[in-house]
There are 2 protein chains.
Amino acid sequence: MSIKYKDISNRLEEEILQGIYDKGDKLPTEEKLAARHGVSRNTIRKALEILVRKGLIISIQGSGVFLRHATPQGALNLEDFNGLTESFSGQEVTSEVLELKLIRADEKLSLAMGCRLGAPIYFVKRMRRIDGVPYVVEYAYHNQEHIPYLDEKIAAGSIFRYIREELGKEIGYLDREISAAKLGEEDARLLGLQAGDPALISTNRGFLKNGEIFDYSVDIHHYQTTRFLKLSDYR
Amino acid sequence: MSIKYKDISNRLEEEILQGIYDKGDKLPTEEKLAARHGVSRNTIRKALEILVRKGLIISIQGSGVFLRHATPQGALNLEDFNGLTESFSGQEVTSEVLELKLIRADEKLSLAMGCRLGAPIYFVKRMRRIDGVPYVVEYAYHNQEHIPYLDEKIAAGSIFRYIREELGKEIGYLDREISAAKLGEEDARLLGLQAGDPALISTNRGFLKNGEIFDYSVDIHHYQTTRFLKLSDYR
DNA sequence: AAGTGGTCTAGACCACAAG
DNA sequence: TTGTGGTCTAGACCACTTC
């Protein structure tokens, strides 16, 4: 389990973030990268494609591959989903578990999660801060059939990392629906805002590689501190 | 100018939307699709990849390619930006041009658009409705060096289509930053809401294939009618 | 004319699912 | 064991930019 284009993409990303290519703002040609990493040009192109989607580089036909270093600070890249903990490495991400219990899926939940009525589901409510500043209130539902065990200690960290590294499950797809609404009393209090203030909301569904839904969550973001980023090539 | 994987992707998309594959929810194997369209398997995979990104299908290794038909109604797919006119085909999209003038780029604008200070820029303010319901107030800036001419008639239609089809320019990348804020008086009035109500905001930058910015815009969306969708495979 | 990214092929082998 | 998608290769030719 070591995929060349992913490895190379990660290596190039590190090099870019370290500023190795900053002079001239231009990466080596695809051919040179292929030779340097000992792979075919197609494999290099798959690696570069990921970085294009992440917004680190931009390819111009006939001209070359250029750095973008335009990524706004502090915005959450929708393409880059490892959870907050990884997205804000360098800053202190804390998660306060406000509630954690095992419930049964009612009709609405079983529909949202594609599970049977009455299936056991972990419900986790968390308050997450970045460098101490309120960032998001999360309401998450995890299917116990896929995540057999969860406690406060795990929930206080990165649940995504737990799933990948501890449970060894592979995440396949992640869907997000982004909307705005007025804050309710409770969420407003948690975020240090007023009821009726705007909220930036992300409603998420996580799929394992085999297509099963392991996670359904609603994230109520602080509207003054969260921005989402979507950088895309045109198709 | 006819790219096989794009053509095939469009054809498959039409077939999916027509419901041709609904029985069994499964597409033919990649090999069969390759044979049917007379192309290599890699080309079919590129075509399918686009549909995965658009959220129409989901690939499961070892199992097959399945329909999703889970796309929420009325949400704007962030992967699928041909502008409102194309995204809401079937419904009536109207654009009322509230203002259109040629201005000079000030410092802030020249920075946002990557153009020189004093460059001529079209400013367009539009109110867009879907089936008569207020949907978004758009503030758009177009670099005249790339879009030499613009009038009310053009602005009342799809500016993106105008650029592609009339000017023959190729769009390369599109960046969007999504946030929430409180509505100001003017925008609230236009959207039929109250000042201080939430707004769902998309701030956009459009790049031509050669990397130049042709468009910078801020879209103030009605928070009760707009949702954005981001369906992604995990990398 | 030369350099560089974009499209496409034909085929090999691997990883996972289903019978 | 067989079917199916995932990764990878080596090479060809095209489209666009740069010189």
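Residues numbered from 1 in each chain as written. Chains lettered and ligands numbered in written order. Predicted model: local features only at pLDDT ≥ 70, side-chain atom pairs only at ≥ 80, totals over all residues. Heavy atoms only, no water.

Our focus in this paragraph is the pattern of salt bridges. With the rule as written, the count across this model stands at 36 salt bridges over all chains. Residue Lys54(A) pairs with Glu13(A) through a salt bridge whose shortest N-O separation is 3.0 Å. Of this pair, Lys54(A) sits in helix H3 (residues 41-54) while Glu13(A) sits in helix H1 (residues 4-18); the two residues are 41 residues apart in sequence, bridging distant segments of the chain. The closest approach of N and O atoms between Lys101(A) and Glu99(A), which form a salt bridge, is 3.2 Å. Exposure remark for Lys101(A): the relative accessible area of 40% places this residue in the partly exposed category. Look at Glu99(A) and you get partly exposed, because its relative accessible area is 31%. Connected via shared salt-bridge partners are Arg53(A), Glu79(A), Lys230(A), Arg53(B), Glu79(B) and Lys230(B). (Salt bridge = Lys/Arg side-chain N within 4 Å of Asp/Glu carboxyl O. Helix = DSSP H or I, 4+ residues; strand = E, 2+ residues; numbered from the N terminus. Buried < 20%, exposed > 50% of the residue type's maximum accessible area, 1.4 Å probe, protein only.)

Assigned domains of chain A: these are domain 1 (4-67) and domain 2 (76-229). On a C-alpha basis, the centres of domain 1 of chain A and domain 2 of chain A stand 32 Å from each other. (Domains from an automatic or database assignment.)

Turning our attention to the nonpolar core. If you look at the biggest cluster of nonpolar residues, it comprises 115 residues, and the most contacted ones within it are Ile57(A) and Ile57(B). Not counting the four nearest positions on each side in its chain, Ile57(A) is found in contact with Ile16(A), Leu27(A), Leu48(A), Leu51(A), Val52(A), Val65(A), Phe66(A), Leu67(A) and Arg68(A). In this structure, Tyr234(A), Phe160(B), Leu174(B) and Leu208(B) belong to the second largest nonpolar core, which totals 16 residues. (Core = buried A, V, L, I, M, F, W, Y, C linked by side-chain atoms within 4.5 Å. Contact = heavy atoms within 4.5 Å.)

On the side of chain B, 46 residues touch chain A, which itself brings 47 residues to the contact. Counting each side, the surface lost to burial between chain A and chain B is near 4500 Å², with a carbon and sulfur contribution of 53%. Across the chain A-chain B interface, the total number found is eight salt bridges. Taking the shortest distance from any N to any O, the salt bridge between Asp175(B) and Arg68(A) comes out at 2.2 Å. Summed over the shared surface of chain A and chain B, the number is 14 residue pairs in polar contact (both at pLDDT 80 or more). Of all the secondary structure elements, the ones that give two or more residues to the side of chain A that touches chain B are H3, strand S1 (57-60), helix H7 (159-166), strand S7 (171-182), strand S8 (198-208) and strand S10 (228-233) of chain A. Per-element accounting of the side of chain A that touches chain B gives the leading share, 12 residues, to S7(A). When its residues are assigned to classes, the side of chain A that touches chain B shows 24 nonpolar, eight polar and 15 charged. Of the pairings in the sheet, the one linking S10(A) to strand S7 (residues 171-182) of chain B comprises six bridges and is antiparallel in character. (Buried area = accessible area lost by both parts, 1.4 Å probe. Polar contact = N/O pair within 3.5 Å; in protein donor to acceptor, adjacent residues only side chain to side chain. Nonpolar A, V, L, I, M, F, W, Y, C, P; charged D, E, K, R; others polar. Pairing = 2+ DSSP bridges.)

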